[in-house]
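# Coordinate analysis (summary)
So the chains spell out like this:
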Amino acid sequence: MRKYKVLETILVGLLTIVICVGVWHIFIFQPEPEEEETVKDKIFSIIAGFDFTRPQTFSAVSEINELGVESVPILQELIKSNSLSDRWAAIILLPGFADHNPELRPTIIASLQETADDQNDTLRMLTGAQLLFLGEKQGIPVLISCLDSTEATHFGEPPELVKERSLFYLRYYVPFKGETVQAWQEWWETNEDRIVWNEEKEAFEIQ
Amino acid sequence: MSDHFKKYISCAIFFLLVLAGFFHPGFSQAKTTVTRDGCDITITVYLAFAFTDDVSWVNAQQLVSEWVDGMLDIWNEPDFTYSTGLCECPVHFEVVVDILPREKDCSHAKQNMPGWHCVNVVNEPVNQRGNVADAHQTPVDNGDGFGEWTTMTTGLNAAHEVGHFMGLGEEYHRDQDGNWKPDDPNKDDSIMARTWGEVQAYPEHIEDIIDDSSVDCPEPECCCGNGEHEGYDQMMGEECDYTATPSGCGQGEVCDSNCKCVAQPKVTPICGDGYITAPEEECDPQSSPTGCDPEKECVGCKCHEKGVEPPPASSPEPAQMIVEPDYLTFSAIKNEDFFTIQNPGEEALLFEMTHESPPWLDVSVMEGEILPSQEDVVWVTINSEGLAPGLYEHSIIINSNTGIQQVGVILTLEPLP
């Protein structure tokens, strides 16, 4: 009987040691909590995947949209970047946030002015079109400045000529069907003060 | 019942459900299909559009019409043929369009119209992926594709994107600075490479699309019209071939569209029509041979010694073709209309409608001759029985001795209330 008592004591002792060692291991070897990936990291990671030689990689820009309004300040920084892809992503996404968050409109429109005189024709054209989409008539002279471009679009599907796409945007939003740069410039100088945005038609009209 | 047996039954039911899924009508009826009727091959794209906001919805009919026109202009090229050997089958392109009910997007189509390609239309300069229009590359008979187009998508953009819905890939890339480069500089005018200027679909595109299907161009019955009438074609019973030069028929005969020689039709004697109509004409400068002796030449349909000044003769005005109107619209309640072909010229106008019409369309006259200052009325009848609601388009192509013209046919079938 005594023999069993000794065995029991040894067994309980061993079990206690095992439990202690186990608990000690949990504390000692617990992996350090990973740093949560910030919205900025996610945006930079998405943009890093863009590759001009594989145009379809740019479609991932829509994933930034899913990150919500927290991405707006970062995109407002990116629009000042030297990288074409950074500026493109900002121009594509910012107007959507302005459309859904009226309180952000003034600051986003101000950001879009950064690329209104961009050296890249495609980015300048997209800026003009996005300003018109937001009902801002400053987009008209921006698009007129793209009408003598000779380039094909640097971004987006399907490939088009910048000047043809710019003319299409102008004719879509503005009640004038001019063909040439000169015709459009003359029209703009004459009608700049009379043109107003019709919210219902989502287009400009002459007052 | 043993556990083993239960497992066996469960597996069998699962397998049957999977099979039923594969044979659901939606899987086999729609998407992009390639079918053959006789020797005519038709590529059909089933395309649903979802207009989800007010502005795009208001303009839906106009936009779809413009896009369909753009697709037909590029893909319904009358000269497209498909060959798997010696024969050539004419190829037609059709697009069947449906507009989803207001405020339904493509997720609705995915559930209720399986097998249809679906395009969400948004009223923005570019979509969320930064594209004016995009579409999944979807091989023929192999699933339904999805795309997102803006209201600012042009007809050429639509023609490019529908190429993806027929399984074709991009034929361009961009360099490190974003500059556009065609994959094949010799084919930089391919619709899959760009959407500006004069662009076209290439026979290789048609070949790629049909190669993906199980359709072939059977021999020998489809060899008529392949431009040859000797050797193999003759062995297969062709007397001639109307696209070959010479056609293979004897004097006084012409080759008909079945590759049989028939007596040349009697025509009104008009100098320059290619026929020598005695006794009024000694020869015809457009006929080969002209009908004059070798040392003589045919001037004013009379044979004259070469180098001798012929008597002055006023040359007749050539035939002209005026087709009015150039498009007809139909609906469930308007199923008949007509267009006229006028010839204000001074020579005969010979015309024929090329290619067969779709089953829902009937044209009263397929070929004919219109004398100077005369006109013909061509009736177009629509049979919309059995057609799903949607927009149907077809171009009636009129080939004549003065050129080609076409009449657009637009059939709009509204869904039942």
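Cut-off values and rules
Residues numbered from 1 in each chain as written. Chains lettered and ligands numbered in written order. Predicted model: local features only at pLDDT ≥ 70, side-chain atom pairs only at ≥ 80, totals over all residues. Helix = DSSP H or I, 4+ residues; strand = E, 2+ residues; numbered from the N terminus. Buried ≥ 20, exposed ≤ 12 C-beta atoms within 10 Å, placed from the backbone. Contact = placed C-beta atoms within 7 Å. Expected span 1.5 Å × (residues − 1). Nonpolar A, V, L, I, M, F, W, Y, C, P; charged D, E, K, R; others polar. Pairing = 2+ DSSP bridges. Axes fitted to C-alpha atoms, helices over the stretch in contact; angles between N-to-C directions. pLDDT = per-residue confidence, 0-100.

Below, the discussion takes up the overall build of chain A. In terms of helices and strands, chain A carries 10 helices and 2 strands. Put simply, chain A has 207 residues, and 33% of those count as buried. If you take every contact in chain A between residues at least 6 apart in sequence, the share linking residues at least 24 apart comes to 49%.

With that out of the way, let us pick up helix H5 (residues 84-100) of chain A. Residues and elements named next belong to chain A. Here H5 contains 17 residues, and its C-alpha end-to-end distance of 26 Å stays within 8% of the 24 Å for a straight helix at 1.5 Å per residue. Among the residues of H5, those classed as buried are Ser85, Arg87, Trp88, Ala89, Ala90, Ile91, Ile92, Leu93, Leu94, Pro95 and Ala98. On its buried side, H5 packs onto helix H2 (39-48), helix H3 (61-65), helix H4 (72-78), helix H6 (105-112) and helix H7 (121-133).

In this complex, chain B contributes 28 residues to the contact, which on the side of chain A involves 29 residues. Among the secondary structure elements, those contributing two or more residues to the side of chain B that touches chain A are strand S6 (133-135), helix H6 (155-165) and strand S8 (172-174) of chain B. Residues that form the side of chain B that touches chain A fall into these classes: 9 nonpolar, 12 polar and 7 charged.

Residue and element names in this part refer to chain B. Read from one edge to the other, the open sheet built from 4 strands follows the order S14-S16-S20-S18, with strand pairing classed as antiparallel. Looking at the sheet topology across the chains shown, the edges are occupied by strand S14 (322-324) and strand S18 (361-363). Neighbour-to-neighbour, the strand axes of this sheet turn through a mean angle of 20°, independent of strand direction. Relative to strand S20 (residues 374-382), strand S16 (residues 336-343) is paired through 8 bridges, and the arrangement is antiparallel. Counted as the bridge partner of isoleucine 341 is aspartate 376 from S20.

Below, the discussion takes up the confidence of the model for chain B. Segments scoring low in pLDDT should not have their predicted coordinates read at a detailed level. All names here are of chain B. Considering every residue of chain B, the mean pLDDT works out to 82; 87% of them sit at 70 or more. Residue range residues 1-30 is modelled with pLDDT below 50. Its contacts to residues more than four positions away, or to other chains, number 11 contacts. Confidence metrics for the complex model read pTM 0.65 and ipTM 0.82.

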